[in-house]
Structures are given as C-alpha cells and as structure tokens.
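Structural features, examined
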Amino acid sequence: MRWLIARLLSGVMAAFVAFALVFSLLRLIPGDPVELMLGEQAQPAAMERMRAHLGLDRPWSEQLAGAFAGLMRGDLGTSLTSHQPVSRLIAVRIGPTAALAASAMAVALLIAWPIGLRAGWWPGSRADRAGRVFATLGISIPNFWLGPVLLLVFAVTWPVFPLGGYRSYSALVLPAVTLGTALAAMLTRLLRASLFDVRQQTFVVAARARGLDARQVLWRHALRPALSPVWTVFGLQVGALLSGAVITETVFQWPGVGRLLIDAVRARDYPVVQGVVVLLTGIYVVVNVVIDIGYAIIDPRVRSR
Amino acid sequence: MIRVASVILGAWVALALVALAWPDAVVNLDQALALPGSPHCPFGCDALGRPLGRLIAEGALTALIIGTGTVLLAGTAGVVLGAGAALVGGWLEQVVMRITDVLLAFPGILLAIAITAVAGPGRMTIIVALSITGWTGYARLARGETLRLRESAFVEAARVAGAPRAAILYRHILPNLLAPVTVQATFAFAGAVIAESSLSFLGLGDPTAASWGSLLAEGVRHLRAAPHLSVIPGLVISAVVLALNLAGDALTERFDPRRETAAGQPG
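What you see is a predicted model, and the numbers here were worked out from it, not measured in a lab. (Residues numbered from 1 in each chain as written. Chains lettered and ligands numbered in written order. Predicted model: local features only at pLDDT ≥ 70, side-chain atom pairs only at ≥ 80, totals over all residues. Heavy atoms only, no water.)

With respect to the overall build of chain A
The helix and strand tally for chain A stands at 13 helices and zero strands. Reading chain A from its N terminus to its C terminus gives the helix and strand order α-α-α-α-α-α-α-α-α-α-α-α-α. Taking the principal axes of its C-alpha atoms as reference, chain A extends roughly 85 × 55 × 30 Å. Of the contacts formed within chain A by residues at least 6 apart in sequence, a portion of 72% connects residues at least 24 apart. Roughly 15000 Å² of accessible area belongs to chain A as shown, and the carbon and sulfur atoms make up 65% of that amount. Charged side chains of chain A number 28 positive and 15 negative; the gap between the two group centres comes to 16 Å. (Helix = DSSP H or I, 4+ residues; strand = E, 2+ residues; numbered from the N terminus. Contact = heavy atoms within 4.5 Å. Areas by Shrake-Rupley, 256 points an atom, 1.4 Å probe, with all protein chains shown as cover. Lys, Arg positive; Asp, Glu negative; His and termini not counted. Charge placed at Lys NZ, Arg CZ, Asp CG, Glu CD.)

Some words on the overall build of chain B
Check the secondary structure of chain B and you find nine helices and zero strands. Ordering the α and β elements of chain B from the N terminus gives α-α-α-α-α-α-α-α-α. Looking at the 267 residues of chain B, the share that counts as buried comes to 52%. Counted over contacts in chain B with a minimum sequence separation of 6, partners at least 24 positions apart contribute 69%. Carbon and sulfur atoms make up 66% of the accessible area of chain B, which amounts to about 11800 Å² in all. (Buried < 20%, exposed > 50% of the residue type's maximum accessible area, 1.4 Å probe, protein only.)

As for the side chain of A:Glu249
Residue and element names in this part refer to chain A. Among the secondary structure elements, glutamate 249 is positioned in helix H10 (residues 214-252). The buried charged residue glutamate 249 lacks any salt bridge partner; its closest oppositely charged side chain belongs to arginine 93, at an N-O distance of 6.1 Å. A distance of 3.4 Å separates a polar side-chain atom of glutamate 249 from the backbone nitrogen of valine 257. Ignoring sequence-local partners within four residues, the contact set of glutamate 249 consists of Thr97, Leu100, Trp254, Gly256, Val257, Gly258 and Arg259. (Salt bridge = Lys/Arg side-chain N within 4 Å of Asp/Glu carboxyl O. Polar contact = N/O pair within 3.5 Å; in protein donor to acceptor, adjacent residues only side chain to side chain.)

Focus on a nonpolar patch on the surface
Taken together, A:Phe154, A:Trp158 and A:Val160 make up a surface patch of nonpolar side chains, about 330 Å² in accessible area. Mapped onto the elements of the fold, A:Phe154 is located in helix H7 (residues 143-157). (Patch = residues over 30% accessible without salt bridge, like charges linked within 9 Å, V, L, I, M, F, W, Y side chains within 5 Å.)

A closer look at the interface of chain B and chain A
Contacts between the two partners involve 48 residues from chain B and, on the opposite side, 49 residues from chain A. The junction of chain B with chain A conceals about 4100 Å² of combined surface from both sides, 77% of it contributed by carbon and sulfur atoms. If you look at where chain B meets chain A, you find one salt bridge. Applying the counting rule to chain B against chain A returns five residue pairs in polar contact (both at pLDDT 80 or more). Mapped onto the side of chain B that touches chain A, the elements with two or more residues apiece are helix H3 (90-104), helix H4 (108-119), helix H7 (165-201), helix H8 (212-221) and helix H9 (228-255) of chain B. A per-element tally of the side of chain B that touches chain A places H9(B) first, with 11 residues. Broken down by class, the residue content of the side of chain B that touches chain A amounts to 33 nonpolar, 12 polar and three charged. (Buried area = accessible area lost by both parts, 1.4 Å probe. Nonpolar A, V, L, I, M, F, W, Y, C, P; charged D, E, K, R; others polar.)

A few points about the environment of B:Gly90
Residues and elements named next belong to chain B. Tracing the chain through its elements places glycine 90 in helix H3. A relative accessible area of 51% means that glycine 90 is categorised as exposed. Through-space distance from the C-alpha of glycine 90 to that of serine 230 is 52 Å; in sequence the pair is 140 residues apart.

A few points about unusual backbone geometry
Phi is mostly negative for residues that are not glycine, and the peptide bonds are mostly trans. For A:His83, which is not glycine, the phi dihedral falls at a positive 60 degrees. With a phi angle near 55 degrees, A:Gln253 is a residue other than glycine that sits in the positive phi range.

Considerations on the packing of aromatic side chains
For the coordinates displayed, the defined rule picks out four aromatic pairs over all chains. Here the aromatic rings of B:Trp12 and B:Phe189 are separated by 5.7 Å at their centres, their planes lie at 80 degrees, and the arrangement is edge-to-face. With a gap of 177 residues between them, B:Trp12 in helix H1 (residues 2-21) and B:Phe189 in helix H7 connect regions that are remote in the sequence. An identical accessibility class is assigned to B:Trp12 and B:Phe189; each is buried. One aromatic cluster is present, formed by B:Trp12, B:Phe189 and B:Trp212 through successive ring pairs. A cation over an aromatic ring shows up here: A:Arg192 above the ring of A:Phe196, its NZ or CZ 6.0 Å from the ring centre. (Phe/Tyr/Trp six-rings, centres within 6.5 Å; stacked < 30°, edge-to-face > 60°. Lys NZ or Arg CZ within 6 Å of the ring centre and 35° of its normal.)

So, the nonpolar core
Side chains of nonpolar character tend, in soluble globular proteins, to be buried together. Judged by nonpolar contacts, the single largest core of 108 residues is most densely connected at A:Leu261, B:Trp12, B:Ile113 and B:Trp212. No other element matches the 15 residues that helix H2 (residues 52-88) of chain B contributes to this core. One finds A:Ala101, A:Leu183, A:Leu187 and A:Phe234 within the second-largest nonpolar core, a separate group that totals 30 residues. (Core = buried A, V, L, I, M, F, W, Y, C linked by side-chain atoms within 4.5 Å.)

Let's talk about the pattern of salt bridges
Residue and element names in this part refer to chain B. Tallied over the entire structure, the rule returns nine salt bridges over all chains. With a closest N to O distance of 3.5 Å, glutamate 58 and arginine 54 form a salt bridge. Of the two residues, glutamate 58 and arginine 54 both sit in helix H2, four residues apart, roughly one turn of that helix.

Considerations on H1(B)
All names here are of chain B. Between its first and last C-alpha atoms H1 spans 29 Å; for 20 residues at 1.5 Å apiece the expected length is 28 Å, and the two agree. All buried positions along H1 are accounted for by Ala5, Trp12, Ala16 and Ala19. Across the axial projection of H1, the buried residues extend over an arc of 60 degrees, all falling on one side. H1 presents Arg3, Val7, Leu17 and Ala21 as exposed residues on the side facing more than 90 degrees away from its buried surface. (Expected span 1.5 Å × (residues − 1). Arc of directions from axis to C-beta.)

Structure, rendered in structure tokens:
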C-alpha cells in the first residue's frame, strides 16, 4: 500500500514536471509566435496587443504560475481561432481518439499474442520465421504510408471499407489496423525475445525434465515471468501510440485530438497546441503509473522493493 | 540480409549526391499526374508535372541531412552528458538522470510538433527538435556502460598509474563506448528518418526542399488518379528504414554475439 502511494505521488510529480517543461520549452525556444501568427508586416501595436492577450508580455515565472493555477481548475486557456475553452475543444475530440487507440491496441494484441507466443516458445518454427519477417517489416513501414495503401486497396480498389467517416464500426477498421501494426510488430518482437530467454532458465528446464509437456510449462511456468518485460515496454510504447494517433487521424480525417493538434499548429493556435501536448503527455504519465501497478501484480517481487 | 541493407543504404547516399548535381525540377503542367513510364517522367509526375524521380532524389538528400544531423547532435550530447554523469557523479549525475527520466516520458514527435509550431519549420528546427528528446537514449546507454567500464581492471590500472580523469575518459572509456553507441545510432537514424518524414507529412517540414513525407502527403491528395505518387515515396521510406533496422540488428550481433535479435538465428 505504501508502495502504491509512493508510485502515485511520483506519477503526479512527473506529470507536473512534464507540464512545466513543455510550457517552458515552448517559451524558451527562439521564434516569435506572435510574429508567425500575424505575419512579418504586422503593426507593432497589434503585436503588442496580441502579446498582452496571450499573456506573453508577463515574466516567464508568472506565466508558469498562472498556467499551473489554471491547470488545477481544469482550465487550459482559450482557443485563438474558435474562442472556445481549450478543455471543451479537447473534451469533444477525446472520444474518437480513445476509440481509435483502444481498437489499435486490440489489433496489436490479436496479432502479437499468437505469433509472439509461438515464435518465442518454438524458435525456428514456421511461426517464428513469419514472426521475424513481420516484426522487422512492421517497425519499418511508416503508418502514414500504411494508411494510404490500405485506403487504396480496401476502399478504392475493393471498396470493402468506407473511404472516410467515423460513425460506423467498419470505418474504424482501417485506422485501427494502420495504428496497431507498428505496436503489433514491437510486441511480437518483445514477446518472442522474452519467452526465448525464459525458455532457457533452469526452472523451465526442470519443469520439462519432470515430464510436463511443453504447453503446460508455457502456461503454468514460463508465461508470467516472460510477460513482465513486455508489460513495461508496452507502457513506453503508449507514447508511440499517441504520436501515431496524431498521424493516423490526419490520414483518415479522424476527428480526434490528434487532428485538433495539427489543425491548431496550422492555424498557429498556441493555447490549443499547448493544451493537447499537455493532455497527451498527462495520459502517457498516467498510463505508465497504471503499468507500474500492473507490473507489481505480474511480478510480486516489485512490491517488496 | 546485411548485403541487401548495404545496397539500399548505398543507393540512398548515391541518390542524395545525384540530387546535388541535378538542376531544379521544372514545372510542366502538360505532364501533371502522368503515370510511371511516360517519356518525360519514368517514375511518373506530380501534380505540377515535375518528375517524381527527381523529387525522390531531393527527398533523399533532405532525409540524409536531417538524419545525420540529428544522430550527430543527439549522439554527441547524449554520450558526453551520460559518460560525464557517470564519471563525475554527485549532483551532475542526479540532474542529468532526472532530466533524462522526464524527457523519456515525452512522445518525441509530439514535442517536435509543438517546437516546430513555435519556432517555424526548417531543417535546423527539425534537427534540434528531434535531438531535444533524442539525446536521452544515448545518455542512458553511455552512463550505464561507463559505470560498468569504470569498475573494469584496465580503467583501474590507468587510474592507479595516475592518469588524469580526462585521459581516462578519452583513451579508455570513449573507445569502448563506440560499439554500443554505434548500434544505438543506427536504430536512432531509422527513427530520425521516420520522424522527419512524419513531420513533413504533417506539413511541418522544410518548405523549401522536397521531402519523402511531403511527397507522400501530396500523393494522398491524388490517391485515385495517381496512386504512384503515394506508393513510391512510401516504398522508398520503408526500404531505407528497413535497411537501417537490419543494419542495427547485424551490428548488435557483431558486437555482442550472445544477444540474439530479430534478424539473427536463435542460438
């Protein structure tokens, strides 16, 4: 229990440090957002007004303190283009992104679980060879290419799935496969490597020597220790999944947080850019706290540490 | 496998060199969206009638410059900070490792998107934006390896012989860091190529030069009429990233034969 509280606290700390870092980085890097927004020929007076409106004329520490206070109230600022609160813009868009990310994870597990288990437990088998090819190709094919190719094949040439839209389940399939493939490849590779290591441990050899059959040894003895490294890296991969979602949403015109971010970048709507980056980073931190807690369930040794 | 990878990487560098000598692509609206095999453009033409082959070569140069720049900047910073943290210890080590922990918590591309949004697009912006998160991987690796090397007999011998700390770092530690850092750099190179094309796919790349990502984004707009415009750039990116990943696997095995990899045979 004490361990759990400490982990939660450090998660909250990490989220705050991450927030402060994003906030400061966006203000410390050279480049004048106001000039980019209004153009180089803008009147100095207009630029000053915009600066005051954004609060950029105040000292950095004051801005950071203000932003922290806002964050505690759930206030992420106001959009410059639509004049709506950033938190409301995000609330509307978070559902589609969650649906996309969850289905991508499901796709990844559906692919990685059967292939990874077989490949790691029976090295040299056909599943192993297929898994190795898939794992190498899967991490090399960028999702912003996989998406258009899937559209070309399954929406244009053979119109099995719709070309756009997001209201039907069938519209979810191609984006989920696009986003899930890289994760599937990563998980396959990890699961295979991890099981392969565990397979050579003495307790597995001993179980085999006692005459248990390979399948029983896999499920009863080898699987649990093999899963803990996979689980940790899965948490780190959520970051890749979130950035992947930004690109997948752009390819498929998916109305999620990722497209909100890209639209905001194009419109130079800084409060929205900052809000979305903070949100996604926050999600990432929370997921990793949850992962750590799950880790303690898989591997009881962690709890005593 | 390593032979395939070398051929692809060699072709990539050759293509980038060709782009340097090749005169600028000419706009020729008669040839707009011409399919591959047309006399003017053997690989097809884009929406402005420019030959795709020419644009791909220019993209090869962009990817090579940004990939090399990112690996050099992030690699140097990471190795110096990581090895330095391990050797000096104390508060420096604490600070470096805390920053590493926090930065590792960022999805790299996300931060790069935010940075290019504020700093404005450009090659240098992308290199810096990718390096801001990229150095942490090298720093972790360099710190771990340095801690291990510091305890080794030959470093102890040098210390006993009175070698100054800088000489130990320069002569004994850095050469031994080379192998693991090279492996890391190869995979990071693949990551940088993907990140660069992702950013330019999203319209955040260098607007003055063609990039594989921006070509692909342009191609998606003409998916029905000219599928080659999205298929070919994508194939090129995948081939280069695949080659770098295979090279990384091969190097891992070469430097550490005990570790089995996706490309290698299990022991």
